[in-house]
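Structural overview
Letter by letter, the chains look like this.
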Amino acid sequence: MEGRLADLANQSITLTGFNGLQASVLDSTKILPNGSFVLRYPAGYTGMAILTAGPQQSHVLVLEPGGVKLQGSSLADKTTIRITKGLQNQWFEQYATEHPRREQALSAWYYLQNLYQSDPLFRRHAAPKAAIMQEMARINKEDSSFLATLPAESYIRWYLPYRGLVSSVQTLAQYRTNEIPAAIAAFRAIDFADPKWLTSGIMRDAIEKHVWLIENSAGPLDSVNASIRQSTDLLVSKLKSHPSILSIVTDHLFDYLEDRSLFAAAEYLALSLLSDNGCELGGNLTNKLEAYRRMKRGNIAPDIYFGANTLYPTGSEATNRLSALKSKYKLVLFAAGWCPHCTEMMPQVADKYPGWKQQGVEVVLVSLDENANSFMLFAGSLPFLRTSDFQKWETKAAKDYHVYSTPTMYLLNENQEILLKPNSVAQMDAWVDWVLVKGNK
């Protein structure tokens, strides 16, 4: 790749490509005093990339066989950038310029179409309604006609419809809801086993926008979960014979579902993957999923034995295991001093603890710290029971509970039955208030 950026002399410039969900630097160099530079990318790499020069300057382009040449003033001023070699980049720039304008016009026409269909002042006028539909059809045809002119084997012809799908999600949810079923069907038709996805740079967006569109259009939570289950089944069925891609995609999907608090959908994904003998999964992903199978609500949690490195609250009776704690409810919390989220959370837990204890909730911290000094710095002054064996992820309780991230919490009853897996102190406190203080079930 060759270029000349007149205003960026002597600055560093970097070419970043993609490998699945990860970005990877392909090459970097210093721009010469005359503004010219040369960057290299692997001969077998065909796909999208980002050219960056400084934190505020970037440009998306296609890395294609035969090389790419561009020139301009700077990456910050897109109007100066001109592709002088690379047909796929020229097609991409034309589409990237025209498609958003067509999408904007379509949204305006959809607004008018709804107005002429629903407002009594306008719906009796047939001619404008027909004209609106005709113009919308023309715009859609113009877009598809451009794509049809591109060579069938070109990367950019494959890429542009998916980029358009991903970028249209919020507009569809807000203004063009009648297109949502077709968009969800298009997401479900995606086959991530196609190697072109690995260098697309939109693999992560395609996974997340699919879920986001369902979540924001399917109505009640039960309907959302049902729709995500349908999408999950199709996704897994396509990737069963591609275990490496299956692990990449489902690992991210699982995390995203949890981040969105779509726990029923995350559990369904976990259980469907673990119960399907045809699915090969990586060790870390398997551990995540096992946490749902072994540690789901209603199951009996494993007992935890307290060793020599256990700190008991002042005035409390020492016990040697979790099941011996005399408390109606027990919040088991896995955390560590090396975890920033944990150090932020601990003062919140300590603040809520007196109120929780008054309602019959005891807190047990299983620390994943690696030595006594770290353990004491992190947990020494906390008002509830704290224990550690200094084995970090090899801590027996962490392995028994299939803990794969910190902080992780489980709320148990006096019989060790799992009642809840709180995702925050606020959720735990809301449960105490709703169930224990207000008496709701």
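Figured I'd write up the structure that's included with this text. Per-chain numbering applies: the sequence of each chain, read as written, is numbered from 1 onward. Only residues with pLDDT of 70 or above have their local features reported here, since the model is predicted, and side-chain atom pairs are shown and tallied only from 80 upward, although totals for entire chains, interfaces and linings are computed over all residues. For side-chain calculations, the full set of non-hydrogen atoms in the structure is used, while hydrogens and water are omitted.

**Here's the deal with the packing of aromatic side chains**
The pairing test for Phe, Tyr and Trp rings, Trp by its six-membered ring, is centres within 6.5 Å, and the orientation test on the planes gives stacked under 30 degrees, edge-to-face over 60, and tilted for anything in between. A complete count under the given rule lists 16 aromatic pairs for this structure. Taking 6.2 Å as the distance between ring centres and 25° as the angle between the ring planes, the aromatic pair formed by Tyr155 and Tyr159 counts as stacked. Of this pair, Tyr155 and Tyr159 both sit in helix H3 (residues 155-174), 4 residues apart, which is roughly one turn of that helix. Each of the two residues, Tyr155 as well as Tyr159, counts as buried. Taking 4.8 Å as the distance between ring centres and 55° as the angle between the ring planes, the aromatic pair formed by Tyr162 and Trp197 counts as tilted. Of this pair, Tyr162 sits in helix H3 while Trp197 is found in the loop between helix H4 (180-188) and helix H5 (203-215), placing the two residues 35 residues apart along the sequence. Three or more aromatic residues joined by ring pairs make a cluster, and in this case those are Phe92, Tyr155, Trp158, Tyr159, Tyr162, Phe192 and Trp197. The numbering of helices and of strands both runs from the N terminus, where a helix is a DSSP run of H or I of at least 4 residues and a strand a run of E of at least 2. Exposure is judged per residue with a 1.4 Å probe applied to protein chains only, and the accessible area is read against the type maximum: over 50% gives exposed, under 20% gives buried, and values in between give partly exposed.

**Side note on the pairing of strand E2 (residues 12-19)**
Taking burial as the measure, the 8 residues of E2 include 6 buried ones, the bulk of the element. When DSSP locates at least two bridges between a pair of strands, those strands are taken to pair. Linking E2 back to strand E3 (residues 22-30) in an antiparallel pair, the connection comprises 2 residues, with Gly20 at a positive phi of about 70°. When E2 meets strand E5 (residues 47-52), the two strands line up antiparallel, connected through 3 bridges. Looking at E5, one finds that Thr16 is bridged to Ile50.

**Concerning empty space enclosed by the protein**
Cavity and pocket criteria rest on a 1 Å grid covering protein atoms alone: a 1.4 Å probe that fits but cannot get out defines a cavity, protein on both sides within 12 Å along at least 5 of 7 lines defines an open pocket, and an atom within 4 Å of a point defines a lining residue. Grid points are joined across faces, edges and corners, and a volume is the space filled by probe spheres set on the points. In the structure shown here, the tally under the stated rule is 1 cavity of 30 Å³ or more. Volume-wise, the largest cavity comes out at about 190 Å³. Surrounding the largest cavity, 17 residues form its lining, Phe192, His210, Ser231, Leu235 and Leu253 being those nearest its centre. At the level of secondary structure, the elements contributing two or more residues to the lining of the largest cavity comprise H4, H5, helix H6 (221-239) and helix H7 (243-259). With 6 residues, H6 is the largest single contributor of residues to the lining of the largest cavity.

**Details of the packing of helix H1 (residues 87-118) against H3**
All axes are obtained by fitting lines to C-alpha atoms, using only the stretch in contact for helices, and the reported angles, taken between N-to-C directions, cover 0 to 180 degrees. Where H1 meets H3, the axes come as close as 11 Å, and the angle between the chain directions of the two elements is 30°. Compared by their axis directions, H1 and H3 come out roughly parallel. Along this stretch, H1 crosses H3, giving a crossing that reads as right-handed. Taking contact as the criterion, the partners of Gln88, Trp91, Phe92, Tyr95, His99, Glu103 and Ser107 in H1 are, on H3, Tyr155, Ile156, Tyr159, Leu160, Arg163, Gly164, Ser168 and Thr171. Taken together, the residues of the contact of H1 with H3 sort by class into 7 nonpolar, 6 polar and 2 charged. For this classification, under 35 degrees means roughly parallel, over 145 means roughly antiparallel, 65 to 115 means roughly perpendicular, and everything else is oblique. Crossing handedness is defined as follows: a turn of the near helix away from the far one that is anticlockwise and smaller than a right angle gives a left-handed crossing, while the clockwise case is right-handed. Throughout, a contact is declared for two residues whenever any of their heavy atoms are within 4.5 Å. For this classification, Asp, Glu, Lys and Arg are treated as charged, while Ala, Val, Leu, Ile, Met, Phe, Trp, Tyr, Cys and Pro are nonpolar and the rest, including Gly, are polar.

**Notes on the layout of surface pockets**
Roughly 570 Å³ of volume is contained in the largest pocket. Forming the boundary of the largest pocket are 19 residues, of which Asp259, Ser405, Thr406, Pro407 and Asn423 lie nearest the centre. For the lining of the largest pocket, the secondary structure elements donating two or more residues are H7, helix H10 (340-358) and strand E13 (408-413). Of the residues forming the lining of the largest pocket, the biggest block, 4 residues, is contributed by H10. Broken down by class, the residue content of the lining of the largest pocket amounts to 7 nonpolar, 7 polar and 5 charged. Reported here for the second largest pocket is a volume of approximately 410 Å³.

**Remarks on H3**
Three or four residues apart is the spacing at which side chains of an α-helix point the same way, because the helix has 3.6 residues per turn. Expected span, for any helix, means 1.5 Å times one less than how many residues it has. Counted at 1.5 Å a residue, the expected span for H3 with its 20 residues is 28 Å, and the 31 Å between its end C-alpha atoms agrees. Fitting one axis to the seven residues ending at a residue and another to the seven starting there, the bend at that residue is the angle between the two axes. Of all the bends in H3, the greatest, near 50°, is centred on Ser168. For H3, the set of buried residues is Tyr155, Ile156, Trp158, Tyr159, Leu160, Gly164, Leu165, Val166, Ser168, Val169 and Leu172. At its buried positions, H3 is contacted by E5, strand E6 (58-63), H1, helix H2 (126-149), H4 and H5.

**Observations concerning the nonpolar core**
Buried residues of nine kinds, namely Ala, Val, Leu, Ile, Met, Phe, Trp, Tyr and Cys, make up a nonpolar core once their side-chain atoms join them within 4.5 Å. The biggest cluster of nonpolar side chains holds 99 residues, and the ones touching the most others in it are Met1, Leu51, Phe192, Phe334 and Tyr401. Not counting chain neighbours up to four residues away, the residues in contact with Met1 comprise Leu15, Phe37, Val38, Leu39, Tyr41, Leu51, Leu61, Val68 and Leu70. Counting residues in each nonpolar core, the second largest holds 29 residues, with Leu333, Val349, Phe378 and Met409 among its members.

**What about the sheet that holds E3?**
Pairing is antiparallel in the open sheet, where 4 strands are placed in the order E3-E2-E5-E6. Looking at which strands have only one partner, the edges of the open sheet turn out to be E3 and E6. Neighbour-to-neighbour, the strand axes of the sheet open up by a mean angle of 25°, direction not taken into account. Across the sheet, H1 touches E5 and E6, and the angle it forms with E6 is around 130°.

**A closer look at unusual backbone geometry**
Cis geometry is adopted by the peptide bond preceding Pro407, which originates at Thr406 and carries an omega value of -5°. Positionally, Pro407 belongs in the loop between helix H12 (396-400) and E13. The phi dihedral of Phe390 is positive, around 60°, even though this residue is not glycine. Phi angles above zero are rare outside glycine, and Gln416 is one such case at about 70°. Position of Gln416 among the secondary structure elements: in the loop between E13 and strand E14 (418-420). Residue classification places Gln416 among the buried residues on the basis of a relative accessible area of 7%.

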